[in-house]
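# A look at the structure
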Amino acid sequence: MTRPLIIDNARIVDPASGTDQLGAVLIEDGRISDLVLGGPAGVPDNAEVINAGGLILSPGLIDMRVFVGEPGKEYRETLASAGAAAVAGGVTSFVMMPDTTPTVDDGALVDFLIRRAEVQSPARVLPAAAITKGLAGKEITEFGLLREAGAVCLTDGAQSIQSASLLRSAMGYAANFDMPIVHHVAEAGLVGDGVMNEGLFATVLGLKGIPREAETIPLARDLQLAALTKVRYHAAQVSTAGSAALLDAAKTRNPSVSAGISINNLCLNENDIGRYRTFFKLSPPLRTEDDRQAMVEALKAGIIDTIHSDHDPQDSEVKRQPFAEASNGAIGLETLLAAALRLVHSGDVDLSTVLRAMTVRPAEILGLDTGRIARGAPADLILIDLDYPWQVTEKTIRSRSRNTSFEGARMQGKVIRTLVGGRTVFIDEA
Amino acid sequence: MPQSSPARFSGDFPPFQQRHLISIADLKQHEIVDLLDRAERMIEISRQERKSLPTLSGKTQINLFFEPSTRTQSSFEIAGKRLGALVVNMSVKTSSVSKGETLVDTAATLNAMRPDVLVVRHSAAGAVELLSQKVGCSVVNAGDGAHEHPTQALLDALTIRNHKGTLAGLTVAICGDIANSRVARSNLLLLGALNVRTRVIAPRSLLPAGIENLATEVFTDMKEGLKGADVVMMLRLQHERANGKMVPSVREYYRFYGLDEEKLSWAKPDAIVMHPGPMNRGVEIDPAIADGERSVITDQVEMGVAVRMAVLDALLPARNEP
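Predicted, not measured: the structure shown is a model, and the values here were computed from it. (Residues numbered from 1 in each chain as written. Chains lettered and ligands numbered in written order. Predicted model: local features only at pLDDT ≥ 70, side-chain atom pairs only at ≥ 80, totals over all residues. Heavy atoms only, no water.)

### So, the overall build of chain B
Broken down by element type, chain B carries twelve helices and nine strands. Over its C-alpha trace chain B gives a radius of gyration of 20 Å, about what one expects of a compact globule, namely 20 Å for 322 residues. The principal-axis extent of the C-alpha atoms belonging to chain B is close to 60 × 50 × 35 Å. For chain B, with 322 residues in total, the buried portion stands at 58%. At a minimum sequence separation of 6, the contacts of chain B that also span at least 24 residues come to 72%. If you sum the accessible surface of chain B, you get close to 13,500 Å²; carbon and sulfur atoms cover 50% of it. Each charge class in chain B can be summarised by its mean position, and for the 37 positive and 37 negative side chains these summaries are 2 Å apart. (Helix = DSSP H or I, 4+ residues; strand = E, 2+ residues; numbered from the N terminus. Rg over C-alpha atoms; globule rule 2.2 N^0.38 Å. Buried < 20%, exposed > 50% of the residue type's maximum accessible area, 1.4 Å probe, protein only. Contact = heavy atoms within 4.5 Å. Areas by Shrake-Rupley, 256 points an atom, 1.4 Å probe, with all protein chains shown as cover. Lys, Arg positive; Asp, Glu negative; His and termini not counted. Charge placed at Lys NZ, Arg CZ, Asp CG, Glu CD.)

And the structure:
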């Protein structure tokens, strides 16, 4: 039995309960055993005490969309490097996309990942399993066996299932096992050769555009199929006002649908591409400033449930290319929180809304007991200095890849300490 | 007044402030006019018995073409040679997979050979920009994907100016595959910068998003669009790629958008006809028009050499000389 730990004098922000006040948390055996709000806590004998000095104590972040290179592309990212990056960014759990080599479409691989991550990663790794074998969009995988092995949800990762009938089967079958379907919505024909948002800017750059309808058309289809099959459905990531309208309408009728957004689509717009900067080549593409603002409004309105990093490590071989030929994706585990805090500092969104989308909402969608500060919950906690100034530089990046869309960005707010299961796994050295 | 360097033909032009020519969008209005004026004098040189100037003597120019183009490559080659540069042509055959790899690797290799200017054509928009970030010399964009083809726009403007005496007050209609055309983009930017009235005419399927912000007017009908035009600029239709998707067939395209005698009659009586080449006779243009008296297409080729001489001369200043 480890020593009890008290985090005292903390501003406890727990979106699940609506708490935002000074207090203390007692941690025993990796779980939160007591919570004292409004005053100092009694300290048990032999307890270790951390004085938070008024810093924010929040549930650790749960990132619903992270790509890892292990197995198959360890030079991009390993479970160890992704885990180190995660806890440095305040992410205590992340859902790992099945887009690996081989694809995570078999229970044995889920089992392998869980065992390996336990040893290698300081953050909890929650494997997602493929909906279709090899992410090929043809045959569904063994949902029941995958769930038994420990997969938290089903997704084809960066791939979008084109066949409505196959998706309908998958949803119906997933509903049997109460497995959430997390689906990236992109109509392949409309995406075509497109590499950025369709519009004047793409035209000026001479790049092929991706219309908003490439997202809204499959989303409308998915939402109807979700209602038909009664599956728990999560639109992996949306980027347009049209998608928000579809979700808003669907959610009033069907409470088991939800939606996520990449932090990139909340904080950046297509102008960041500038002169063909490939670190801003993303899927869904960065849209216009109007779209971004509409997404912020959708987050505030609860139409968008979760914010994730869309962490996607890519090496310079595939990124230092002409824009159309470069791979999609940017890393984001280490910048997720700081980027989200930009929305708080700018006054657009309050702290609790931002944290809710990265803590209790993902936990609810995935059926996890983390993401909240409550008696009995796992002690996955982060201390945040809301005003801590820092700059994203190549030197500070823990990820094995360097493709950050926040290179050189000045940030305000940082994680000072991260605990997973009551154990401190990260302390800011500065 | 004595010139500082009698050998330098362009000594009486102010120093050109750009290091590369990647995009018309990077040029200020006076820089565009400056290049056109410089080119004017290069026409004189090119028409002399002795068509040479020593201004690039001792300099190395590499023409790096990832996409084949006999016309543009030889135009740049002749331009460089008339100015005394050592010109090396490199045609790089690439598979679609290894294009970018080749690009960055080739950039490093070529840079080590210490060229003074690289003239680059690539099938991907932004590739020339990327390459310019990796080398220590001047880079001229000879066409990058559907992005830009700046020397084409300059030679088009020079051709128009020579035929019409001025660019001011003119209406230029650009017709055809605007969506995939770097020529259209560079021309719209350049003509826009010189306050020339621009029109684009194409079926909706060949018009890119936001084009109304780049052209003064947008038309889908040739009759309306050509009315009152001083210049009719036809674009090549990549019909192998467009057929059945962007347009149903060549014959339907020709019927509604191919420039023939009747359609040309809708433009001003003294309107000139241009085409960046290579032409698809019978697809976007009637052979009789292409080779007719209102066509200035061969003049464009001549202006091309002059413009490229002017660009090379402007980008490679005398300060590098001993």
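### Remarks on the overall build of chain A
Secondary structure assignment for chain A yields 14 helices and 18 strands. Relative to its length of 430 residues, chain A is compact, with a C-alpha radius of gyration of 21 Å against a globular reference of 22 Å. For the C-alpha atoms alone, the extent of chain A along its principal axes is close to 65 × 45 × 45 Å. Relative to all contacts within chain A whose residues are 6 or more apart in sequence, the contacts with residues 24 or more apart total 74%. With an accessible surface of roughly 15,600 Å², chain A has 49% of that area assigned to carbon and sulfur atoms. Each charge sign in chain A was given a centre, from 41 positive and 53 negative side chains, and these centres are 2 Å apart.

### Some thoughts on the sheet that holds strand β9 (residues 272-274) of chain B
Two orientations exist for strands paired in a sheet by backbone hydrogen bonds: parallel and antiparallel. All names here are of chain B. Strand order in the open sheet formed by five strands is β7-β6-β5-β8-β9, and the pairing between neighbours is parallel. The open sheet is flanked by β7 (217-219) and β9, the only strands paired with a single partner. With strand direction ignored, the average angle separating the axes of adjacent strands in the sheet is 20°. Sheet analysis places strand β6 (residues 197-201) next to β7, joined by three bridges and oriented parallel. Pairing of valine 200 across the sheet is with valine 218, part of β7. (Pairing = 2+ DSSP bridges. Axes fitted to C-alpha atoms, helices over the stretch in contact; angles between N-to-C directions.)

### Comments concerning the pattern of salt bridges
Residues and elements named next belong to chain A. A complete count under the given rule lists 35 salt bridges over all chains for this structure. A salt bridge links aspartate 111 to arginine 115, with the nearest nitrogen and oxygen atoms 2.8 Å apart. Of this pair, aspartate 111 and arginine 115 both sit in helix α2 (residues 107-120), four residues apart, which is roughly one turn of that helix. Assessed through its relative accessible area of 31%, aspartate 111 is described here as partly exposed. When its relative accessible area of 55% is taken as the criterion, arginine 115 is described as exposed. The salt bridge partner of aspartate 380 is arginine 124, with a shortest N-O separation of 2.6 Å. With aspartate 380 in the loop between α14 (360-366) and β16 (381-391) and arginine 124 in strand β8 (residues 124-129), the pair connects residues that are 256 residues apart, well separated along the chain. A relative accessible area of 2% places aspartate 380 in the buried class. Put simply, Lys251, Asp305, Arg361 and Glu364 are held in one network by salt bridges that share partners. (Salt bridge = Lys/Arg side-chain N within 4 Å of Asp/Glu carboxyl O.)

### Some points on the nonpolar core
Formed by 105 residues in total, the largest nonpolar core has its most connected members in A:Phe94, A:Leu154, A:Tyr233 and A:Ile307. For this core, the element with the most residues is helix α12 (residues 336-345) of chain A, which contributes eight residues. Those residues in contact with A:Phe94 that sit more than four places away from it in its chain are A:Asp63, A:Val66, A:Val68, A:Ala82, A:Gly83, A:Ala86, A:Ser121, A:Ala123, A:Arg124, A:Val125 and A:Leu126. Membership of the second largest hydrophobic core comes to 88 residues, among which are B:Phe16, B:Ala79, B:Ala153 and B:Val305. (Core = buried A, V, L, I, M, F, W, Y, C linked by side-chain atoms within 4.5 Å.)

### What about the interface of chain B and chain A?
At the junction of the two partners, chain B supplies 27 residues and chain A supplies 17 residues. Of the roughly 1,700 Å² buried between chain B and chain A, counting both surfaces, carbon and sulfur atoms make up 56%. On the chain B side of the contact with chain A, B:Ala125, B:Glu129 and B:Ala209 bury the most area, a combined 24% of that side's loss. Taken together, chain B and chain A are joined by two salt bridges. A salt bridge links B:Glu129 to A:Arg275, with the nearest nitrogen and oxygen atoms 2.9 Å apart. Where chain B meets chain A, there are five residue pairs in polar contact (both at pLDDT 80 or more). Contributing elements (two or more residues each) for the side of chain B that touches chain A: α3 (99-112) and α4 (127-132) of chain B. The biggest single contributor to the side of chain B that touches chain A is α3(B), with five residues. The class makeup of the residues in the side of chain B that touches chain A is eleven nonpolar, nine polar and seven charged. (Buried area = accessible area lost by both parts, 1.4 Å probe. Polar contact = N/O pair within 3.5 Å; in protein donor to acceptor, adjacent residues only side chain to side chain. Nonpolar A, V, L, I, M, F, W, Y, C, P; charged D, E, K, R; others polar.)

### What about the packing of helix α1 (residues 29-47) of chain B against helix α5 (residues 150-164) of chain B?
Residues and elements named next belong to chain B. Where α1 meets α5, the axes come as close as 10 Å, and the angle between the chain directions of the two elements is 70°. Between α1 and α5, the interaxial angle falls into the category roughly perpendicular. Seen along the crossing, α1 lies across α5 with a hand that is right-handed. Only Leu154, Ala157, Leu158, Arg161 and Asn162 of α5 make contact with α1, whose side of the interface consists of Ile32, Leu35, Leu36, Asp37, Ala39, Glu40 and Ile43. Broken down by class, the residue content of the contact of α1 with α5 amounts to eight nonpolar, one polar and three charged. (Parallel < 35°, antiparallel > 145°, perpendicular 65-115°, else oblique. Left-handed = near helix turned anticlockwise from the far one by under 90°.)

### Considerations on the UniProt feature "binding site: carbamoyl phosphate" (unreviewed entry) in chain B
Residues and elements named next belong to chain B. Under the UniProt annotation, "binding site: carbamoyl phosphate" (unreviewed entry) lies at Arg71, Thr72, Arg121, His149, Gln152, Gly277 and Pro278. Topologically, arginine 71 is positioned in helix α2 (residues 70-82). Those residues within four positions of arginine 71 in sequence are excluded, and the remaining contacts are Pro276, Gly277, Pro278 and Val301. Relative to the helices and strands, proline 278 is located in the loop between β9 and α11 (287-290). (UniProt positions renumbered as here; feature names shortened; annotations may be inferred.)

### Observations regarding the UniProt feature "domain: Amidohydrolase" (unreviewed entry) in chain A
Look at the UniProt record and you will see "domain: Amidohydrolase" (unreviewed entry) annotated at residues 297-426 of chain A. Taken end to end, residues 297-426 of chain A has its terminal C-alpha atoms 33 Å apart, with 24% of it in helix and 22% in strand.

### Quick word on the side chain of A:Arg287
All names here are of chain A. Of note, arginine 287 is situated in the loop between α9 (263-267) and α10 (289-300). For the buried arginine 287, which has no salt bridge, the nearest side chain bearing the opposite charge is glutamate 215, at an N-O separation of 4.2 Å. Within the structure, arginine 287 has its side chain in polar contact with the backbone oxygen of isoleucine 210 (distance 2.9 Å). Once you skip the residues sitting within four places of it in the chain, arginine 287 turns out to touch Asn197, Ile210, Pro211, Arg212, Glu215, Ser239, Thr240, Asn265, Asn269 and Glu270.

### Comments concerning helix α8 (residues 241-253) of chain A
Residues and elements named next belong to chain A. Taking 1.5 Å of rise per residue, 13 residues should cover 18 Å, and α8 covers 19 Å from first to last C-alpha, within 8% of that figure. Burial in α8 covers these residues: Ser243, Ala244, Leu247, Ala250 and Lys251. The buried side chains of α8 occupy one side of the element, clustering within an arc of 135° when seen end-on. Looking at α8, the residues exposed on the side facing more than 90 degrees away from the buried face are Thr252 and Arg253. (Expected span 1.5 Å × (residues − 1). Arc of directions from axis to C-beta.)

### Structural notes on the environment of A:Ala108
Residues and elements named next belong to chain A. Residue position: alanine 108 is located in helix α2. Among the residues examined, alanine 108 registers a relative accessible area of 52% and is labelled exposed. Along the backbone, alanine 108 and glutamine 224 are 116 residues apart, and their C-alpha atoms lie at a distance of 33 Å.

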